[in-house]
Amino acid sequence: MKRLFAVALGVLTAIGGFLDIGDIVTNAVVGSRFGWSLAWVVVLGVAGICVFAHMAGKVAAVSGRATFEVIRERLGPRMALANLAASFLINLLTLTAEVGGIALALELASSVHYLLWIPIAAFAVWLVIWRVGFDVMENVTGLVGLLLVGFAVALFLLGPDWGQLGQQALQQVPADESPATYWFYAVALFGAALTPYEVFFFSSGAVEEGWTVKDLAHSRLNVLVGFPLGGLLSLAIAGCAAVVLLPRGIQVSSLSQVLLPVAEAGGRLLLVAVILGVVAATFGAALETTLSAGYTLAQFFGWTWGKFRAPARAARFHVTMMACLVVGLGVLATGVDPVMVTEVSVVFSAAALPLTYLPILIVANDPDYMGRHVNGRWLNAAGQAYFGVILVVSVAAIPLLVATGVGR
Amino acid sequence: MSRRLPTPPIPAGGRLLDARLSLLDRQVLDVDGEPVGVVDDLELSDPQAGVLPDDAVAPVVRHLVHGPVVLDRITGGRHPRAHFERIEWAAVAEIGPALRLAVGSSRVPVGWLEDWLARNVVARIPGGRHVPR
């Protein structure tokens, strides 16, 4: 019974923790402009994160080495430093977007301007990292994040024409959008589903929780069941926007517009639940990105790290995270639109993906690290196919960003 | 490096390792599994200068070096040897995905920054000495 409970808890937190501000905003923007015609990208991206997270988790569980240790060891100091610089800056951008997301959601809940919420949100993130254990942190944000199921409830309550949504999913570029913007949002959605910090966090989390080979089955279940169900929530967000916003020509440019269909379908109660879900999801992702900032730097330089140590036993790790939160705070204090930061961050995430993906793919096949747990034939086929996809997406990301002026 | 290197002798009862592949840039853990650093460089016994005769004595690894010395491998240049943070080769107990030492981390030199930050910043904030729960 206890075991069953642990398994269920793992899957549920994987679902509730799957979405972050990038997924929420990008799916709503895409739904309001393209309907479900980019749903195939969500499917592709979710399958990709399953392959990627599974490999990174396996490497961490079997060898005890987290992602950036592997990157440093495989690429050498020079290439790894270039990789670190790119990954760290993009992670910082994502961290900024997540803290902004918490503040925006709290603004909707309280009518207090989001800029006033930002320091409170950042302080709360730091406090949780400083004082709350890893398991509690993951379980609470994951379970409350499950309230995002409200998007799926809203979609059903809206009673959409499923045939029309299905048709959108099969059709390609809508007539009034240019192919460049269509492909730009394809890249953005892919980057939102497959963000590098998720892998830094997943593999370092495996070390934090002391995974061993015995935990592999459990972790595989979390990934293979939890992530796809989380992906369904992405589709529900896009679906809500497609049903309510697309016909009225409303293009999402703020979080309140993302939640408009929820309010219309389910009234105040559902709206409150979903806002709470957004706060939990963005708060959880803010914790994960902040920790990832510390993980990447500490693992590159071989510092002590982890929440299972007292902060004084991992001083450089904790000071790094404090500094990152302060920088994020500073960026948001300029008044830059957090939704805009989010849209840019997912595209850069897509561009940087091969940097983290390739070393993991190589090490997952290295018997020195993995012993008899090297990738099997099917996982390897999937892993290599995805490397091809990731490479294409990465090359296309920045040119599309420039060509479309961030999808305008 | 166009000249092909001679095939290395197979050590009797030992393991043949490529130092670049299996030592450099690996994590170093102390006897309890605590990270103490990364192998940023290796300090070898001085090889003879010039073209080595065939019967020259092979250099041996004396120390693992870690800390800011990694910058030399990134940007070039050379740190003064006095600043090296060294771990004696004899302290290495196991070579795998990480190098495990036979000694505790208290016997390994760690840069001043960790100590300084721990004492002057982190430990002064309430809760800094407690494990998060």
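Placed above this text is the structure.
Computed from a prediction, not measured in an experiment: that's the story for all the values here.

## Digging into the interface of chain B and chain A
Thought 1: With 28 residues of chain B in contact, the opposing surface of chain A contributes 30 residues.
Thought 2: Among the elements of the structure, strand E1 (27-29), strand E2 (35-38), helix H2 (70-75) and helix H3 (112-120) of chain B are those that each provide at least two residues to the side of chain B that touches chain A.
Thought 3: The element contributing the most residues to the side of chain B that touches chain A is H3(B), with 4 residues.
Thought 4: Residue classes in the side of chain B that touches chain A are distributed as 15 nonpolar, 6 polar and 7 charged.

## Re the sheet that holds strand E5 (residues 85-88) of chain B
Residues and elements named next belong to chain B.
Thought 1: Judged by pairing direction, the sheet is antiparallel, and its 3 strands sit side by side in the order E3-E4-E5 without closing on themselves. Edge strands, defined here as strands with exactly one partner in the open sheet, are strand E3 (41-44) and E5. Across the sheet, the axes of successive neighbouring strands diverge by a mean angle of 35°, strand direction being ignored.
Thought 2: Relative to strand E4 (residues 61-66), E3 runs antiparallel, the two being bridged by 4 bridges. Residue pairing for E4: Leu42 is matched across the bridge by Leu64.

## Things to note about the sheet that holds strand E7 (residues 98-101) of chain B
Residues and elements named next belong to chain B.
Thought 1: Sheet architecture is open: 4 strands sit in the order E2-E1-E7-E6, paired in mixed fashion. Each having just a single partner strand, E2 and strand E6 (92-95) make up the two edges of the open sheet. Between one strand axis and the next, the sheet turns by 25° as a mean value, whatever way the strands run.
Thought 2: When E1 meets E7, the two strands line up parallel, connected through 3 bridges. In the sheet register, Leu29 faces E7, and the bridge partner there is Arg100.

Reading the values: the criteria
Residues numbered from 1 in each chain as written. Chains lettered and ligands numbered in written order. Predicted model: local features only at pLDDT ≥ 70, side-chain atom pairs only at ≥ 80, totals over all residues. Contact = placed C-beta atoms within 7 Å. Helix = DSSP H or I, 4+ residues; strand = E, 2+ residues; numbered from the N terminus. Nonpolar A, V, L, I, M, F, W, Y, C, P; charged D, E, K, R; others polar. Pairing = 2+ DSSP bridges. Axes fitted to C-alpha atoms, helices over the stretch in contact; angles between N-to-C directions.

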